[in-house]
Amino acid sequence: MNATIAGMLSRGRPLAIRVIGSRFNRRFAWVMWAWVRASALRGFRRVFRGVRVEWDMPGHARIVPFEVAGPSRDEVLLRTVISTISPGTERAYYRVEPNAVEHFPQYPGYSMVGEVLRVGSKVKHLQRGQLVAAPAAHGSLAVVPVEGVFPLPEGVTPEEGAFVTLGIIALHGVWRGELRPGERVAVLGRGPIGQLAVQLCHALGAGQVLSIAPSRRHSTPALRRFARRVIATFEEGEAILDTIQADVTYESSGEPQAVRDALRATRDGGRVVLLGSPRGVTQGFDFGGLADRGISLVGAHLSTLSRDPSASSHSYRQAGETLLRLVAEGALDIPSLVSQEVDPWEAGEFYRQLAQAQSQWVGAVFRWDGLRDVDRLQRVSYWTPPELEMARGNWMSEASSPRSLVEGKPSESHGVEPVRRPKGTGDSRTLRLAVIGCGGRGSTSASDAQRARGTSLAMVMDVNEGLARQVGERLGVPWTTSYEAVLSDRGVDAVFISTPHHVHEEQAVMAASAAKHIIVEKPLGHNLEAAARIVAAARKGGVSLSTCLELRYLPQVVKARQLVKDGAVGDLLGATLAYHLYKPPSYWQRGYSGGNSDWRARWETAGGGVLIMNAIHYLDWLLYLGDMKVTEVSARYAVMQGGVEVEDTVVMWLTFENGALATVNTSSRVQGLHQPPELVDCRMWGTQGHLSLTPPFQFFSSRFIDGKRPERWHSLGPLPRLHSPNIEYLEHFSNAVLNGREVDITGEDGLRLQAVIEAAYRSSREGRNVRVEYPST
Amino acid sequence: MSTLRKLVLTDNMWRVETLPFPQPPADSVDAVVEATLLTPEAQGHGLWVGHDALSPTTRYAGWGPAMDRLSINRRDLVTLPEGSSDPLAAGLLMPACAIASALEGLTITPHAAVVGEGLLADLATGILALRGFALEAAQPGADLDLVVDTGGGPGLEASGLSALRGEGTLLLLVPPWSKPVNVSFYPYIHRRSLVVIARRWHCQPQAVGQELVDSLRPVVSRVVGESRWLRPLAIGSAAVQRGVWQWMDWQGVPCTLTPQSPS
């Protein structure tokens, strides 16, 4: 189910309407812009803007701004607190599995709790500020018809109320099965709908309820409160299905072949309810067998539940009220179904992860209350142009606050133009940077230097005149092909060396001699000795030296390091890193900018392949998160690609100073992982917990950490939004240099990392474990 | 050695073969078949009506090969209710009871359609009318409460589901020759919250009351008398007609009609 179905829940009317901004459809954005305003003007309504989850294409999720006309007479404007993710359904739609809607963009989600901000003139029973449950897509705001809105009863938390639509789906299914008190029930599937069905059958008087799934992966402790037996068919054998003899079996897994399993679990003359949406064709189904056994097959899809509250049969309203009453009475345990809280800004990574692997958790929710008010909801003028791109950063004016909306006053500001952070705020000094090397990476860094606070781009340099001119002219700064000219320029405070690895040493040493501060793109040198000489030269020259390992500034890494420092993991016991991507042969020959040098392909110039070139960032995480030192390395690398000297595949294990072990597996030959996306699986665990920098980022700890309940998985979020880790890196570097402090990421950091990489290469070449030799600094 | 006669379909023509009759097992009944109702799809099997060779007053019915003598396990025998003098009508009571008993459990408002044409469709139409259903055409979007599919198709594609309302009921009359099929339940059943009830029309359901049987007799008699889908079998000249049921009156078959000895 997705927003299309959410729309259907509200009798075909769109709930929170229309994207303003789509990568593919800017022209359409203007049409929608006009449509929203026409709708608003027709009813003398305001226009509101928020953000929501958009799947702009199969397998790609992002947060986009959107606009909606205010509530009409029988509608309600809600500011979302929590929206519940239905993993099975949303995975199916995200991946366009069979029987899922195939048009994009889509706006997933259909179950949320929000705060009433405005009500239509015919809505009398809801008050501003009241918390209500409603069917709406994942977004920071929603306009919904009042008949789909359920005030939260006393004692029902937003987390519980946000399951309202999922609960209604499950309850509708239970009703379709015509469950009678005392009957024996089997429920196939242990997703949120399946577990809700178990709970509801128990609450509605079933005799025995059995929960059945292939594994115990989603078997929560709370499930045992409601289910007489929790069966894992992989462990107990499928033959156990024939012994169950349920009066009613609810198939909630959506697995097409599970329909046959459901028949096996049902007694002759019983009922099988298709509660989950079958994602595909059931092979070899025998209607004759269905007849011989007298079993009825009952479909249960929410769209057929009557919207008329006075209907003689069950109605949608009756279902919602019944569900919330049962929650209030404590007959259901909704919190047991929530094992993951997701920051909406991490939606892209979350869905990517959801699509790639079977999740270990049952249910997940988006927490919209962690967003800044201006992001969640603001009123915009009729004339505000459409927002066409969603940048990560301060894309809304700080001045516009929805508080004024709640209080019924017009917002002072309607500004929604994406604003770059003002440069030099609080400090008029800037570090004048020259970027050396105008290839793809250097060009990006030059551009970032212009955007970073406290930094200015003084000039760019490349031995390739065409490249230097192109980047210099594009960015409006001087350009040169002479490195000496850069070093002799008194208008340059620091250099950012983004050149082939084997040139780093010479350029860095020269810069140090010229008293220029130095940033060296990772790796610090093309080998350990070169890196050591760079560090020594910087010390001798009395300049700051930093290795550009900018991914340390990713919010999830910053947060993870803090958690480790706070003791969430305890003493390290182990870690794992898998970093997989696909680099075409042309990358090694020419890079992404299409240059004519093959320095990346050769040991002499690059110093290595995927490990030193790409995986180095994530290897750095393993060392950096816990400030751990690697003592020994065992590795094997492989060169599987013709025409390239350097390795494209590495498998290694690390021994840390406390004896903990880590594995690293990286390859740049993994089909399906073109850049982007790349696949990063980075986890570490210790005596007290487990930390995962694998999306969605989360941690588990036995300790009370960061205000989070122990013994439970928690999201690392809400995480601050970051414009770019590279800009963040430059700002920190500049700030440290300008204030005479040591830079965050030092040359020594790069040196230590390079010592591990060097040991790995040696280990592979010599076929033995190698102790890591750290040069004395 | 006693013999039996068997109908064999060869080159689209029915003919009779004579075969040795095996000694029935101890727990079996030696049934003398009075008549067999055949459909070409059944490939030599049919609904039969007969009696115990040792006890002519007890009449049975069942599904089996088209032969004038059958050795049937007792537990597979369906005892025909009293008053079933006409063997043809008695045989059709089996599908009639299957249809009627399936309808008994339904608590729905009476807008229904029958899909398919043939003897079973005639029977189902008569029973629905008897039960007070308002019969309509199975047009897409007709918003019906019930569709009875007598077509015997392998899947659900032709079963008239598009004529049902959401949460409507499909009664699927399953032929004895049905085979497992690949089926997508999402569009056909789940998405519209439909109910599927399947019944074998060749098996008399358990616990059929005399009252139900008596109520069905007029319908069955009318179908026997009026249906264009029911014809007597003429040995040697009867080309098989798809959809047409043919009945073989074993009692009236002259032994001179193309009998053949087993080789």
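Residues numbered from 1 in each chain as written. Chains lettered and ligands numbered in written order. Predicted model: local features only at pLDDT ≥ 70, side-chain atom pairs only at ≥ 80, totals over all residues. Heavy atoms only, no water.

Participant: Any chance you could explain the overall build of chain A here in plain terms?
Facilitator: Scanning chain A from N- to C-terminus turns up 25 helices and 32 strands. Within chain A, the fraction of its 777 residues that count as buried is 60%. A separation of at least 24 residues holds for 71% of the contacts in chain A among residues at least 6 apart in sequence. When the accessible surface of chain A is totalled, it reaches about 29100 Å², and 50% of it is carbon and sulfur. (Helix = DSSP H or I, 4+ residues; strand = E, 2+ residues; numbered from the N terminus. Buried < 20%, exposed > 50% of the residue type's maximum accessible area, 1.4 Å probe, protein only. Contact = heavy atoms within 4.5 Å. Areas by Shrake-Rupley, 256 points an atom, 1.4 Å probe, with all protein chains shown as cover.)

Participant: Can you help me understand the overall build of chain B in this one?
Facilitator: The helix and strand inventory of chain B stands at 4 helices and 15 strands. Counting every position in chain B, which comprises 263 residues, the buried fraction comes to 52%. Summing over all exposed atoms, chain B offers an accessible surface of approximately 11600 Å²; the carbon and sulfur share of this is 52%.

Participant: Whenever I open this one, helix 6 (residues 192-203) of chain A confuses me. Can you help?
Facilitator: Helical geometry: 3.6 residues make up each α-helical turn, so side chains three or four residues apart lie on a common side. Residues and elements named next belong to chain A. Between its terminal C-alpha atoms helix 6 stretches 16 Å, which fits the 16 Å expected from 12 residues at 1.5 Å a residue. Taking burial as the measure, the 12 residues of helix 6 include 10 buried ones, the bulk of the element. What helix 6 keeps buried is the set P192, I193, G194, Q195, L196, A197, V198, Q199, L200 and C201. Of the residues one or two after helix 6, G205 is the one with positive phi, at around 100 degrees. (Expected span 1.5 Å × (residues − 1).)

Participant: When you look at the nonpolar core in this model, what are you seeing that I'm missing?
Facilitator: It is characteristic of soluble globular proteins that their nonpolar side chains tend to be buried jointly. Grouped together as the largest cluster of nonpolar side chains are 108 residues, with contacts concentrated most on V495, I518, V633, M652, L654 and L691 of chain A. At 12 residues, the largest contribution of residues to this core is made by helix 23 (residues 610-625) of chain A. The residues contacting M652 of chain A, other than those within four sequence positions of it, are L611, V633, S634, A635, A662, T663, V664, V756 and A760 of chain A. Formed by 100 residues, the second largest nonpolar core is a distinct cluster that contains V156, L196 and Y250 of chain A together with V195 of chain B. (Core = buried A, V, L, I, M, F, W, Y, C linked by side-chain atoms within 4.5 Å.)

Participant: How do you make sense of the interface of chain A and chain B when you look at a structure like this?
Facilitator: Reports often express the size of an interface as the amount of accessible area lost when the parts come together. Each partner contributes to the interface: chain A provides 36 residues, whereas chain B provides 28 residues. When chain A packs against chain B, the two sides together hide about 2400 Å² of surface, and 57% of this comes from carbon and sulfur. Joining chain A to chain B, the criterion identifies 2 salt bridges. Between R176 of chain A and E167 of chain B there is a salt bridge; the shortest N-O distance is 3.5 Å. Those elements that place two or more of their residues in the side of chain A that touches chain B are helix 5 (164-176), strand 13 (282-285), helix 10 (287-293) and strand 14 (296-299) of chain A. A total of 6 residues in the side of chain A that touches chain B trace back to one element, the largest contributor, which is helix 10 of chain A. (Buried area = accessible area lost by both parts, 1.4 Å probe. Salt bridge = Lys/Arg side-chain N within 4 Å of Asp/Glu carboxyl O.)

Participant: Looking at this model, I keep getting lost on unusual backbone geometry. Mind explaining?
Facilitator: The phi angle of most residues is negative, glycine excepted, and most peptide bonds adopt the trans form. Put simply, F104 of chain A and P105 of chain A share a cis peptide bond, and its omega is 5 degrees. Among the structural elements, P105 of chain A can be located in the loop between helix 3 (87-94) and strand 4 (112-119). The omega torsion of the bond from P695 of chain A to P696 of chain A falls at -5 degrees, within 30 degrees of zero and hence cis. Along the chain, the position of P696 of chain A falls in the loop between strand 29 (689-692) and strand 30 (698-701). Of note, E711 of chain A is a non-glycine position whose phi angle comes to about 60 degrees, a positive value. For E711 of chain A, the location among the structural elements is in the loop between strand 30 and strand 31 (712-715). Since its relative accessible area comes to 51%, E711 of chain A is described here as exposed. At E167 of chain B, a residue that is not glycine, the phi angle is positive and equals roughly 70 degrees. By secondary structure assignment, the location of E167 of chain B is in strand 11 (residues 164-174). Classification of E167 of chain B as partly exposed rests on a relative accessible area of 22%.

Participant: Explain the sheet that holds strand 2 (residues 60-69) of chain A here, please?
Facilitator: Backbone hydrogen bonds hold the strands of a sheet together, and the pairing may be parallel or antiparallel. Residue and element names in this part refer to chain A. Sheet architecture is open: 3 strands sit in the order 2-1-17, paired in antiparallel fashion. Of all strands in the sheet, those with a lone pairing partner are strand 2 and strand 17 (378-380), marking the two edges. For this sheet, the mean inter-axis angle between neighbouring strands, taken without regard to orientation, is 55 degrees. Direction of pairing for strand 1 (residues 47-57) relative to strand 17: antiparallel, over a ladder of 3 bridges. Bridging across to strand 17, V47 finds its partner in V380. (Pairing = 2+ DSSP bridges. Axes fitted to C-alpha atoms, helices over the stretch in contact; angles between N-to-C directions.)

Participant: Could you clarify how one ought to interpret the packing of aromatic side chains in this entry?
Facilitator: The geometry of an aromatic ring pair is captured by the separation of the ring centres together with the interplanar angle, meaning the angle of the planes. Residues and elements named next belong to chain A. Tallied over the entire structure, the rule returns 23 aromatic pairs over all chains. Each residue in the set W55, Y94, F350, Y351, F366 and W368 is aromatic and connected to the rest through ring pairs, giving one cluster. One cation-aromatic arrangement involves R52 over Y107; the distance from NZ or CZ to the ring centre is 3.6 Å. (Phe/Tyr/Trp six-rings, centres within 6.5 Å; stacked < 30°, edge-to-face > 60°. Lys NZ or Arg CZ within 6 Å of the ring centre and 35° of its normal.)

Participant: Where do I start with helix 25 (residues 747-766) of chain A in this structure?
Facilitator: Residues and elements named next belong to chain A. Here helix 25 is 20 residues long and its end C-alpha atoms lie 28 Å apart, about the 28 Å a rise of 1.5 Å per residue gives. For helix 25, the tally of buried residues reaches 15 of 20 residues, placing the bulk of the element in the interior. A distance of 3.3 Å separates the backbone nitrogen of E748 from a side-chain oxygen at the start of helix 25, and that oxygen is part of T746. Of the residues flanking the end of helix 25, it is G767, one or two places downstream, whose phi is positive at about 65 degrees. (Polar contact = N/O pair within 3.5 Å; in protein donor to acceptor, adjacent residues only side chain to side chain.)

Participant: Looking at this model, I keep getting lost on the pairing of strand 18 (residues 431-436) of chain A. Mind explaining?
Facilitator: Both faces of the sheet carry side chains from a regular strand, because those side chains alternate between them. Residue and element names in this part refer to chain A. Burial within strand 18 is extensive, with 5 of its 6 residues counted as buried. Note: strand 18 against strand 19 (residues 455-461), 6 bridges, orientation parallel. Bridge pairing links L431 to T455 in strand 19. Crossover strand 18 to strand 19 through helix 15 (residues 440-451) is right-handed. Pairing geometry for strand 18 and strand 21 (residues 494-497), over 4 bridges, is parallel. For L433, the partnering residue across the bridge sits in strand 21 and is A494. (Right-handed = clockwise from strand over helix to strand, strands pointing away.)

Participant: Where do I start with the pattern of salt bridges in this structure?
Facilitator: Opposite charge on two side chains lets them pair, provided their charged atoms get close. Residues and elements named next belong to chain A. One pass over the structure, following the stated rule, counts 48 salt bridges over all chains. Linking R552 and D749 is a salt bridge whose minimum nitrogen-to-oxygen distance equals 3.3 Å. Taken together, the positions of R552 in the loop between strand 23 (545-548) and helix 20 (555-565) and D749 in helix 25 put the pair 197 residues apart, joining distant regions of the chain. Like D749, R552 is buried. One salt bridge in this structure joins E766 and R768, with 2.7 Å as the shortest N-O distance. What emerges from the salt-bridge pattern is a single network uniting R216, R229, E235 and E236.

Participant: I tried to follow the environment of Y774 of chain A on my own but got confused; where do I start?
Facilitator: Residue and element names in this part refer to chain A. Structurally, Y774 is set in the segment after strand 32 (770-771). Considering only alpha carbons, one finds Y774 and Q754, 20 residues apart in sequence, at a separation of 8.9 Å. Y774 has contacts with K629, V630, R752, A755 and V756, leaving out every residue within four places of it along the chain. A polar atom in the side chain of Y774 sits 2.7 Å from the backbone oxygen of V630.

Participant: What am I meant to see in the confidence of the model for chain A here?
Facilitator: The predicted coordinates ought not to be read in detail in places where the model reports low pLDDT. In this model, chain A carries an average pLDDT of 86, and 89% of its residues clear a pLDDT of 70 or more. Of the regions scoring below 50 in pLDDT, residues 1-24 of chain A engages in 93 contacts with residues more than four places distant in sequence or in other chains. (pLDDT = per-residue confidence, 0-100.)

Participant: How should I be thinking about the sheet that holds strand 32 of chain A in this particular structure?
Facilitator: Residue and element names in this part refer to chain A. Here 9 strands make up an open sheet; going across it, the order is 31-30-29-28-24-27-26-25-32 and the pairing mixed. Of all the strands in the sheet, the pair left with one neighbour each is strand 31 and strand 32. Direction of pairing for strand 28 (residues 679-686) relative to strand 29: antiparallel, over a ladder of 3 bridges. Within the sheet, the bridge partner assigned to M684 lies in strand 29 and is L691. In the packing of helix 23 onto the sheet, the strands contacted are strand 24 (572-580), strand 25 (630-638), strand 26 (649-656), strand 27 (661-667), strand 28 and strand 29, and the crossing angle to strand 24 comes to about 155 degrees.

Participant: It is not clear to me how the side chain of T322 of chain A should be interpreted in this structure. Could you clarify?
Facilitator: Residue and element names in this part refer to chain A. Here T322 lies in helix 11 (residues 316-328). Owing to a relative accessible area of 12%, T322 belongs among the buried residues under this scheme. One polar contact links the side chain of T322 to the main-chain carbonyl oxygen of Q318, over a distance of 2.6 Å. Setting aside its immediate chain neighbours within four residues, T322 contacts L171 and W175.

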